[in-house]
Amino acid sequence: EHYSYPEALRFLAQKYNIIIEEKEQTPEELMAQNERERMFNINTFAQQYFSDTMKTHDEGIAVGMSYFKERGFRDNIINKFQLGYCLNQRDAFIHYALENGYSKELLLKTGLASVNEERMYDRYQGRVIFPIHNLTGKVIGFGARILSSDKTKAKYLNSPESEIYNKSQTLYGIYFAKNEISRLDNCILVEGYADVLSMHQAGIENTVASSGTSLTSEQIRLIRRYTKNITILYDGDSAGIHAALRGTDMILEEGMNVRIVVLPPNEDPDSFVQHNPIEVVRDYIDKNAKDFISFKTQLLLKDAANNPIKKAEVVKDIVNTISVIPDAIFRATYIKECSR
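Hey, could you run me through the pattern of salt bridges in this one?
Pairs may arise between side chains of opposite charge once their charged atoms sit close together. Counted by the stated rule, this structure contains 15 salt bridges. Between Asp-317 and Lys-296 there is a salt bridge whose closest N-O contact spans 3.0 Å. In this pair, Asp-317 sits in helix H15 (residues 308–323) while Lys-296 sits in helix H14 (residues 292–304), placing the two residues 21 residues apart along the sequence. Judged by relative accessible area, which is 30%, Asp-317 ranks as partly exposed. For Arg-340, the salt bridge is made with Glu-337, and the minimal N-O distance between the two is 2.7 Å.

Following this line, the structure appears as structure tokens:
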């Protein structure tokens, strides 16, 4: 399961009904632990509510389920990722949660509710819901996409940072992908929720997303628990290609091997998988995965063309990238290859 050492002990103890003797916790530590458990509980409660709403409520079926079906997602993926829908009402979920014994403070702390002029309202109203899971499968937060064309509202809303949810330490889909990442010794990294869903639906289950944030060192270390190999899939436009260069020095610094796959123009991972048979997708990734440093060298030299000043800048940029690699043999090999 690739748990940390303490997580592994607790997992086995729970499985075989063994009581672990731990040092007595201070009242403050007990309170913090109980608070975390309450947050996990309300998130699980909310996830079940959103999923049930999408499957049984008229608005949920007509709006939420229709959206996922139009995007081409099948029931098994909708159920696996526990997707849902929040009614387009001011406080339908809040009322339901309060009736079931959850406090207003907890609703606000987890970001399931927000407050405006002393009145609470559902944070995700009228949005489809993507629950975000930690390594052990607990729901730690939510991503929510608006379906209306209202430009005054953010397209995506995420849970706020909390004791259980830290965006920079989380990868969307890691719980469902970790075993396959380990088995294939490779992690495919994409940008958005829908990209992960489409890849998993196509059977490419070693896929996770950074959920629109720049990749962080914590996220890279999370992947490193399962593999040293990362393949980054990016959109085929210019912005997508240059986005591929951001954050990759950080991956190399962690001693990881990085390959880049740039998709055809006007395609993202979601659309590319939806438009092509799985064999074509796998074949494309295998044939077009380029070693990151070679990819970066070719791309920057192409931009520099015959400009000697720009070319000198390219050399500096590439040398800086090679310099962060911890392994001396790899560094020497890259210097030789890039010089050529």
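Don't stop here, the text continues.
I'm lost on the pairing of strand S9 (residues 229–234) in this one. Help?
Sheet faces and side chains relate simply in a regular strand, where the side chains alternate between the two faces. Among the 6 residues in S9, 5 count as buried, and that is most of the element. Here strand S7 (residues 187–190) pairs with S9 via 3 bridges, running parallel. By the bridge assignment for S9, Cys-187 is matched with Ile-230. Strand direction decides the pairing type here: S9 and strand S10 (residues 257–262), joined by 6 bridges, are parallel. What sits directly across from Tyr-234, in S10, is Val-262.

Explain the packing of aromatic side chains to me, please; I cannot follow it from the model alone.
Each aromatic ring pair is specified by the distance between its two centres and by the angle formed by the two planes. What the rule picks out here adds up to 20 aromatic pairs. Both rings, one in Phe-50 and one in Tyr-124, keep their centres 6.5 Å apart while their planes meet at 80°; by these two values the pair is edge-to-face. Taken together, the positions of Phe-50 in helix H2 (residues 27–56) and Tyr-124 in the loop between strand S3 (119–122) and strand S4 (127–133) put the pair 74 residues apart, joining distant regions of the chain. Chaining the aromatic ring pairs together yields one cluster made of Tyr-67, Phe-68, Phe-73, Phe-81, Phe-130, Tyr-156, Tyr-172, Tyr-175, Phe-176 and Tyr-193. If you follow Lys-138 out to its NZ or CZ, it ends over the ring of Phe-40, 4.6 Å from the centre.

Would you mind showing me how to read unusual backbone geometry here?
Glycine aside, the phi torsion of most residues is negative, and most peptide linkages are trans. One non-glycine residue, Gln-82, lies in positive phi territory at about 55°. A relative accessible area of 26% places Gln-82 in the partly exposed class. With a phi angle near 50°, Ala-305 is a residue other than glycine that sits in the positive phi range. Residue position: Ala-305 is located in the loop between H14 and H15.

I would appreciate a short explanation of the sheet that holds S4 in the present structure.
The strands that make up a sheet pair up through hydrogen bonds in the backbone, lying either parallel or antiparallel. Pairing is antiparallel across the open sheet formed by 4 strands, whose spatial order is S1-S4-S5-S6. Each edge of the open sheet carries a strand with a single partner, namely strand S1 (84–86) and strand S6 (156–158). The average undirected angle you get between the axes of adjacent strands in this sheet is 30°. Relative to strand S5 (residues 139–146), S4 runs antiparallel, the two being bridged by 7 bridges. If you follow Arg-127 over to S5, its bridge partner there is Ile-146.

So what exactly am I meant to see when it comes to the side chain of Glu-254 here?
Looking at the element boundaries, Glu-254 is found in the loop between helix H11 (248–253) and S10. Not counting residues within four places of it along the chain, the set of residues in contact with Glu-254 comprises Ser-217, Ile-220, Arg-221 and Arg-224.

Help me out: how do you make sense of the nonpolar core in this one?
One recurring pattern in soluble globular proteins: nonpolar side chains tend to sit buried together. In this structure, Phe-50, Phe-68, Leu-83, Phe-93, Leu-107, Leu-112 and Tyr-172 are the most contacted members of the largest nonpolar core, which totals 59 residues. Looking at this core element by element, the count peaks at 8 residues for H2. Sequence-distant contacts of Leu-107, that is, excluding residues within four places in its chain, are made with Ile-42, Phe-93, Ile-94, Ala-97, Leu-98, Leu-112, Ala-113 and Met-120. With 34 residues, the next largest nonpolar core counts Ala-177, Ile-181, Ile-232 and Val-258 among its residues.

Calculation rules
Residues numbered from 1 in each chain as written. Predicted model: local features only at pLDDT ≥ 70, side-chain atom pairs only at ≥ 80, totals over all residues. Heavy atoms only, no water. Salt bridge = Lys/Arg side-chain N within 4 Å of Asp/Glu carboxyl O. Helix = DSSP H or I, 4+ residues; strand = E, 2+ residues; numbered from the N terminus. Buried < 20%, exposed > 50% of the residue type's maximum accessible area, 1.4 Å probe, protein only. Pairing = 2+ DSSP bridges. Phe/Tyr/Trp six-rings, centres within 6.5 Å; stacked < 30°, edge-to-face > 60°. Lys NZ or Arg CZ within 6 Å of the ring centre and 35° of its normal. Axes fitted to C-alpha atoms, helices over the stretch in contact; angles between N-to-C directions. Contact = heavy atoms within 4.5 Å. Core = buried A, V, L, I, M, F, W, Y, C linked by side-chain atoms within 4.5 Å.

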